[in-house]
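# Coordinate analysis (summary)
Residue-level listing of the chains:
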Protein chains: 2
Amino acid sequence: MAEADVNYMKQALLEAREAYSRGEVPVGAVVVCNDRIIARAHNLTETLNDPTAHAEMQAITAAASFLGGKYLKDCTIYVTLEPCIMCAGALFWSQIPEVVYGAPDPKRGYTLAGYPILNASTKVRSGILEEEASQLLKRFFAARR
Amino acid sequence: MAEADVNYMKQALLEAREAYSRGEVPVGAVVVCNDRIIARAHNLTETLNDPTAHAEMQAITAAASFLGGKYLKDCTIYVTLEPCIMCAGALFWSQIPEVVYGAPDPKRGYTLAGYPILNASTKVRSGILEEEASQLLKRFFAARR
């Protein structure tokens, strides 16, 4: 694993922990552009009463706002959990060239669709700090049972 | 076609025309709950510099905010164009039981995925004022060529 990947995923994990502390499903994301974090976000569906307020959606909106344009060219998103279909669809529209995620989501991950939701040219890597992301989610759901 | 369907889709078309007048891809949506429009929105991706600002996304967020909860139970969304994969994913999370759309989207419609993105129980109807929705889109893209 590249050191930069680990460092950025650690930042996404900090966001996920922030979500956890608010009683939100703990998923976090950061958007990196030219070796700089330009957006950071965590899941806020409960806090905002908004089913669309996933970490990635907010990170995309914030990054586009920061860049002043709706395309996230030259950016990479780091997200602790595999994006769902909605978020993968949003990443498609954003034209982001690189997606890095931690843990797979065997229930709601976009790869389940078996359809190329992301652009064919989008590079996807996964498994970065997977165990940390996964443990945080397990702890969250165990505490709710 | 039921009269109520036509009336609500006319409202969604008014939103699409509003998008058109702002130079946005003309798609509009309304969310109806107990025979009342609780949210109305149109595509604002250019205006907001946000690739996620599709009509449906904003209508879902606004409707959930109005209801004070993240699930759109007992609601119907009327949208002038077939939802894309992102928006269908959002409709899944919203648990909305009914989706009515006007024109099909042969390029970006969610049905292209061939995967059940919406809940199996979600009722989908289409073709309501399809011609009007479709003509508006054609006019928009023709003027941009």
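Residues numbered from 1 in each chain as written. Chains lettered and ligands numbered in written order. Predicted model: local features only at pLDDT ≥ 70, side-chain atom pairs only at ≥ 80, totals over all residues. Heavy atoms only, no water.

## Quick notes on the interface of chain A and chain B
Think of interface size as the accessible area that goes away when the parts come together; that is how it is often given. Note the threshold: Between two residues, a contact is recorded if the distance between any of their heavy atoms is within 4.5 Å. When two components associate, each loses some accessible surface as probed by a 1.4 Å sphere; the sum of these losses over both components is called the buried area. Salt bridge, as used here, is a side-chain nitrogen of Lys or Arg placed within 4 Å of a carboxyl oxygen of Asp or Glu. Identification of polar contacts relies on pairs of N or O atoms within 3.5 Å, with a donor-acceptor requirement for protein atoms, meaning one able to donate a hydrogen and the other able to accept it, and with residues adjacent in sequence counted only if both atoms are side-chain atoms. Put simply, DSSP H or I for four residues or longer makes a helix, DSSP E for two residues or longer makes a strand, and each gets a number counted from the N terminus.
Every contact between the two is made by 28 residues of chain A and, on the other side, 28 residues of chain B. Taken together, both faces of the contact between chain A and chain B bury some 2400 Å²; the carbon and sulfur share is 70%. Of all residues in chain A, Pro51(A), Lys70(A) and Trp93(A) bury the most surface against chain B, accounting for 26% of the area lost on that side. Inspection of the region where chain A meets chain B yields two salt bridges. Note that Lys70(B) and Glu46(A) form a salt bridge whose closest N and O atoms lie 2.9 Å from each other. For the interface between chain A and chain B, the tally reads eight residue pairs in polar contact (both at pLDDT 80 or more). Mapped onto the side of chain A that touches chain B, the elements with two or more residues apiece are α2 (55-67) and α3 (85-94) of chain A.

## Some words on the relation of the copies chain A and chain B
The condition that has to hold: Superposing the copies works by least squares over the C-alpha atoms of residues that have pLDDT at least 70 in both of them.
Expressed as a screw operation, the relation of chain A to chain B combines 0.0 Å of axial shift with a rotation of 180°, fitting to an RMSD of 0.0 Å. The transformation relating the two chain copies, once decomposed into turn and shift, fits a two-fold axis. Of every C-alpha in chain A, the one belonging to Met86(A) sits nearest the axis of rotation, 2.0 Å from it. The share of interface residues of chain A whose copies in chain B are also at the interface is 100%, consistent with both copies meeting through the same surface.

## Details of the packing of helix α1 (residues 3-21) of chain A against helix α4 (residues 130-144) of chain A
Residue and element names in this part refer to chain A. For the record, the criterion: Axes here refer to lines fitted to C-alpha atoms; in helices the fit is confined to the stretch in contact. Angles between the N-to-C directions go from 0 to 180 degrees. Orientation categories follow fixed angle ranges, with anything under 35 degrees roughly parallel, anything over 145 roughly antiparallel, 65 to 115 roughly perpendicular, and all other angles oblique. When residue character is reported, Ala, Val, Leu, Ile, Met, Phe, Trp, Tyr, Cys and Pro are called nonpolar, Asp, Glu, Lys and Arg charged, and the others, Gly included, polar.
Interaxial distance between α1 and α4 falls to 11 Å at its minimum, and their mutual angle equals 5°. Taken as axis vectors, α1 and α4 run roughly parallel relative to one another. Taken together, the residues of α4 that come into contact with α1 (itself represented by Leu 13, Ala 16, Arg 17 and Tyr 20) are Glu 132, Ala 133, Leu 136, Arg 139 and Phe 140. Grouping the constituent residues of the contact of α1 with α4 by class yields six nonpolar, no polar and three charged.

## A short note on the sheet that holds strand β3 (residues 75-81) of chain A
Residue and element names in this part refer to chain A. Short version of the rule: Strand pairing follows a simple DSSP-based rule, namely that at least 2 bridges must link the two strands.
Sheet architecture is open: five strands sit in the order β2-β1-β3-β4-β5, paired in mixed fashion. Of all the strands in the sheet, just β2 (37-42) and β5 (123-126) have a single pairing partner and so form its edges. Each adjacent strand pair in this sheet contributes to an overall mean axis angle of 15°, direction not counted. Bridge count for β3 against strand β4 (residues 98-103) is five bridges, and the pairing is parallel.

## Describing the side chain of Asp105(B)
Residue and element names in this part refer to chain B. Test applied: Note on exposure labels: buried denotes an accessible area under 20% of the residue type's maximum, exposed denotes more than 50%, and partly exposed covers the range between, all computed with a 1.4 Å probe on protein chains only. Counting rule for charge: Lys and Arg are taken as positive, Asp and Glu as negative, and neither His nor the chain ends is counted.
Within the fold, Asp 105 resides in the loop between β4 (98-103) and β5 (123-126). Buried charged residue Asp 105 carries no salt bridge. Nearest counter-charge: Arg 108, at 6.8 Å. There is a polar contact of 3.1 Å between the side chain of Asp 105 and the backbone nitrogen of Arg 108. Once you skip the residues sitting within four places of it in the chain, Asp 105 turns out to touch Leu 81, Glu 82 and Leu 112.

## Digging into the sheet that holds β5(B)
Residues and elements named next belong to chain B. A sheet is described by the order of its strands in space; here five strands give the open sequence β2-β1-β3-β4-β5, paired in mixed fashion. On the outer flanks of this sheet lie β2 (37-42) and β5, each paired with one strand and no other. On average, each strand axis in the sheet is inclined to that of its neighbour by 15°, with strand direction left out of account. Pairing of strand β1 (residues 28-33) with β2 involves five bridges; the strand directions are antiparallel. From the neighbouring strand, Ala 29 faces β2, where its bridge partner is Ala 41. Contacting β3 (75-81) and β4, helix α4 (residues 130-144) crosses the sheet at an angle of about 55° to β4.

Purely spatial values, then, with no claim about function.
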